[in-house]
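Next come the chains, spelled out residue by residue.
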Amino acid sequence: MSKSSNAYNAGIMQKTGKAFADEYFSEDNQVVHESHEVVLVLKKSDELNTVVEEILLGSHKADNPTLVVEDRAGFWWLKATGKIEIDCTEVSELLGKHYSVYDLLVDVSSTIGRAYTLGETFTITSELMGLDVKLKDLAAA
Amino acid sequence: MAISAATKAATDALAANPAPVSVGAQEVHRWMQSFTWDFDKNRTKYSTKYKMANDTKEQFKLIAKEYARMESVKDERQFGSLQDVLTRVDAANRVHPKWNESMKVISNFLEVGEYNAIAATGMLWDSATAPEQKNGYLGQVLDEIRHTNQCGYINYYFAKQGQDAAGHNDARRTRAIGPLWKGMKRVFSDGFISGDAVECSINLQLVGEACFTNPLIVAVTEWASANGDEMTPTVFLSIETDELRHMANGYQTVVSIANDEAASKYLNTDLNNAFWTQQKYFTPVLGMMFEYGSHFKVEPWVKTWNRWVYEDWGGIWIGRLGKYGVESPRSLRDAKKDAYWAHHDLFLIAYALWPTGFFRLSLPTPEEAEWYEANYPGWYDMYGKVYDEWRARGCEDPSSGFLPIQWFIENNHPIYIDRVSQVPFCPSYCKGESTLRVLEFNGKKHSFSDQWGERMWLSEPERYECQNIFEQYEGRELSEVIAEGFGLRSDGKTLISQPHTNKDGKLWTLDDIKKINCVFSDPLKAL
C-alpha cells in the first residue's frame, strides 16, 4: 500500500469504525479545505495502459514524485500535487501510430482540477485556468 | 459584375484572417473563433441574473470533426465489447443478483438525468455569449443525447441477456407509485432545467457533474466489478469520458461570471442550494444502492463520499475558488451527517415500502450486519435489530401477512415526504439530518426534513407543488394502487418488486398484498 498522502486510502481513509467517525465529524472537518492536488481517472485500454505503465510510471516517473497511480478495476486512478501532463507526440512514438490528444480523450474518464489541451499536450492542473492564468490558443503559424 | 455585400464581407474576413494551411484541429479551432456573432437579441427560456462574459474559453478546443471522430471510437469500443466478448462469456448472468437489482435503479435514473441535461445545456447555449463557451455547451448537448441512448441500451442489454428482466425493461411506467422517482426528478430534472440558467448550470455541471458523477458513474464501476458486472464499467466509464468536458463547462460558467457584481451577491447562496439539492437525494440513494444492493463491499459509502465529495470536489474545485469569494457550502455539516447515516435511514423506509418499487431488495445477512456494525458503530441497535424482527415475522414470505410498513404504524413512527426534495423520512426513527417541520400555504400542509429545503421553499413555495404518494393515494388500498400504477410483471399478478433476491424464494402476488388490507393515509392530516 502506498504511504503517499495522495494515495486512494490516505489519511483518514486508513481509519475504521469509531476512529474514522471521530475524525470525520471533528470540527475542523466541517468546512472544505483548499487542495492543490489534481485527480485523473483513465479508462483502461490498450493505449492508456501504455501511457500509465511506460510513460507516467516509466520514463517520466521522476518528473513528479507526488504522482500516485492505483488500479481500481476498470480504471486507473491518478492523483498528484500541482499537475499531470501527457504529451501525445511521445505516446505516438511509443505506440508506433498517430495518436492525437483527441485520441487520448477517448479514454480519459474523469478529472478533478482544470484540464485542458494545447497542441498535442493534455494537462490537468491545480491552477485556476481562465482566472489566475490565461488559457492559450495554439500559436499562429 | 459587382459582388454581393455578404460575399465582400466574407472575402474581407478571409483577407484579415487567412484560412489555415493545414487541417490541424487546434489551428482550425483558433481560426474559427475569429468568426463571431451578435448575440444582443439572445432568447432563452429562463434568463439569468448574472452577466456572462463574452471572452470565456473552452478548455479542450474541440471542432466538430474531431468531436465526431472521438465519439464514434468510444461507441465502437463500447458496443464492440458488449456485443462480442461480454455476450460470448455470458457476462450478464455472472452478475450477483443483488447488484442486478441495483442497476435497475442506477441506469434507469441516470437515463432521466441525461435526458434532462440535453435541455439544460441547450438553455445554457442560449444564455452564453462567448463563442467558445457556446461551443462547449453545444458539444455537451450532443454528449447528453449519447448518454441517454447508452443508459437505455444498458437496461436493454441487462433485460435481454441477463436475469430477472422485470424492472430493467419497464421501470418508468411505475413512476407514479415508486417513492424514489419524484425525488430523482427533483435533482435530475427540475434542478437542471427550471430557473435561472446559471443556477441550473451550478446544479448540473458544478455540483451534479463535477461532484456527484464521480461516485455515480466512476466509483460505481468498482462496485459493479466486485459484484461480477463488467457491462457497467464498459458503458459508464465511456459516459464519463464526456463528463470531464461538462465539468470544464461548469467551471467556465463560474469563470464567465466571476467578475460580475451579481456573483458576490448570489453565487454562494446558489451554490449552497445546488449542493444541498443534489446531495439530499444522491447521498442516501447512492449509499443505499452501493451498500444494500451489493453482496461484495468495496468500502463504506461514507469513505467513498469523503474522498470524492468532501476532499476532492470540496478541496480541488470549491476550496481553490475561495480567493474569488466562493465559500464552503453552509449545509456541508448536515450533508456530512447524511453521508454517514441517511442511506441507512432510507433503506429502512425503502424496504418498508418495497411493494411500490420496481426492483428487488434484500435484508442484510448476518455477515453484512457485522460489516455494517464495524464500519458504522451503533448500526445494529438502530437498524439491525429491526431487520431481525422483520425477518422473524416472515417479511420475505408471501404467506406471512406481514409488510414492514406495519412495523412503522404499530410503533407510531409516521413516514413523511420532504416537500422540496420529495425524499421520504421518518423523523422519530432516523440518525441522518432530518427533523420534522410543517408549514401551511394556500390551505395545504407541507412537511420538510431540514432547514435548507425549508428555506428554498419559503423563497418560492409555488415551485414545489408536487403531490406525494400519501396525498395522491389517500384512502386507497395498496394492491389497487400497485395494479393501477403498473407495478406488476407480465403475468398480470406477480409484483415487479420483491422483498428478497432468492431465485428459489416465493414471489409475492397482488392477492398476497390484498389480504393484508394496507390503506394509504396522509400523515399530515393527523397533525
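Our subject is the structure listed above.
Position numbers for residues count from 1 along each chain, tracking the sequence in the order it is written. To label them, take the chains in the order written and letter them from A, then take the ligands in the order written and number them from 1. Where totals are concerned, whole chains, interfaces and linings use all residues; where local detail is concerned, this predicted model gives features only for residues with pLDDT of at least 70, and gives and counts side-chain atom pairs only at 80 or more. The side-chain quantities take in all heavy atoms of the structure and omit both hydrogens and water.

Novice: Looking at this structure, I do not really get the overall build of chain B. What am I missing?
Specialist: Helices and strands together make up the secondary structure of chain B, namely 18 helices and four strands. Here the globule rule reads 2.2 Å times residues to the power 0.38, and the radius of gyration is calculated from C-alpha atoms. Since a compact globule built from 527 residues should have a radius of gyration of about 24 Å, the 25 Å found for chain B is in line with a globular shape. Overall, the C-alpha framework of chain B stretches about 90 × 55 × 45 Å when taken along its three principal axes. Across chain B, the fraction of contacts at a sequence separation of at least 24, relative to all contacts at a separation of at least 6, is 78%. The method behind every accessible area is Shrake-Rupley, applied with a 1.4 Å probe, and residues are considered shielded solely by the protein chains displayed. Surface summary for chain B: the accessible area is close to 19600 Å², and the carbon and sulfur share equals 54%. Counted as positive: Lys and Arg. Counted as negative: Asp and Glu. His and the chain ends are not counted at all. For this purpose, a charge sits on NZ of Lys, CZ of Arg, CG of Asp or CD of Glu. In chain B, which carries 57 positive and 70 negative side-chain charges, the distance between the mean positions of the two groups comes to 2 Å. Helix and strand labels come from DSSP, where a helix needs a run of H or I of at least four residues and a strand needs a run of E of at least two; each type is numbered from the N terminus. Note on definitions: a residue-residue contact is assigned when non-hydrogen atoms from the two residues lie within 4.5 Å.

Novice: Explain the packing of helix 2 (residues 46–59) of chain A against helix 3 (residues 88–95) of chain A here, please?
Specialist: Any two packed helices are characterised by how steeply their axes cross, that is the angle between the axes, and by the distance between the axes. Residue and element names in this part refer to chain A. With axes taken as lines fitted to C-alpha atoms, and helix axes fitted only over the stretch in contact, angles between N-to-C directions fall between 0 and 180 degrees. In contact at an axis separation of 11 Å, helix 2 and helix 3 are set at 110° when each is read in the N-to-C sense. Regarding the angle of helix 2 to helix 3, the classification is roughly perpendicular. Residues E47, T50, V51, E54, I55 and S59 of helix 2 form the contact with helix 3, whose participating residues are E90, V91, L94 and L95. Across the contact of helix 2 with helix 3, the residue classes tally to five nonpolar, two polar and three charged. Any angle that falls under 35 degrees is termed roughly parallel, while one over 145 is termed roughly antiparallel, one within 65 to 115 roughly perpendicular, and all others oblique. Amino acids are sorted into nonpolar (Ala, Val, Leu, Ile, Met, Phe, Trp, Tyr, Cys and Pro), charged (Asp, Glu, Lys and Arg) and polar (every other residue, Gly among them).

Novice: I'm lost on the interface of chain A and chain B in this one. Help?
Specialist: The accessible area lost on association of the parts is a frequent measure of interface size. Counting from both sides, the interface comprises 70 residues of chain A and, opposite them, 66 residues of chain B. Summing both sides of the interface, chain A and chain B together bury roughly 5800 Å²; the carbon and sulfur share of this comes to 57%. For salt bridges, the criterion is a side-chain nitrogen of Lys or Arg within 4 Å of an Asp or Glu carboxyl oxygen. Linking chain A with chain B are nine salt bridges, by the criterion used here. Here K79 of chain A ties to D312 of chain B by a salt bridge, and the two come within 2.9 Å at their closest N and O atoms. Breaking the side of chain A that touches chain B down by element, the ones donating at least two residues are helix 1 (17–24), strand 1 (37–43), strand 3 (75–81), helix 4 (101–105), strand 5 (108–112) and strand 6 (114–118) of chain A. When its residues are assigned to classes, the side of chain A that touches chain B shows 33 nonpolar, 20 polar and 17 charged. Summed over both partners, buried area is the accessible surface (1.4 Å probe) that two parts give up on being assembled.

Novice: What is the right way to look at the pairing of strand 6 of chain A in this model?
Specialist: Residue and element names in this part refer to chain A. Counting buried positions over the five residues of strand 6 gives four, a clear majority of the element. Following DSSP output, two strands are said to pair if at least two bridges run between them. Examined bridge by bridge, strand 6 and strand 7 (residues 121–125) share five bridges and lie antiparallel to one another. Considered in strand 7, the bridge of R114 is made with T125. Counted along the chain from strand 6 to the antiparallel partner strand 7, the turn is two residues long, and its residue G119 has a positive phi close to 60°. Type-normalised accessible area, obtained with a 1.4 Å probe on protein chains alone, sets the label of each residue: buried when under 20%, exposed when over 50%, and partly exposed for intermediate values.

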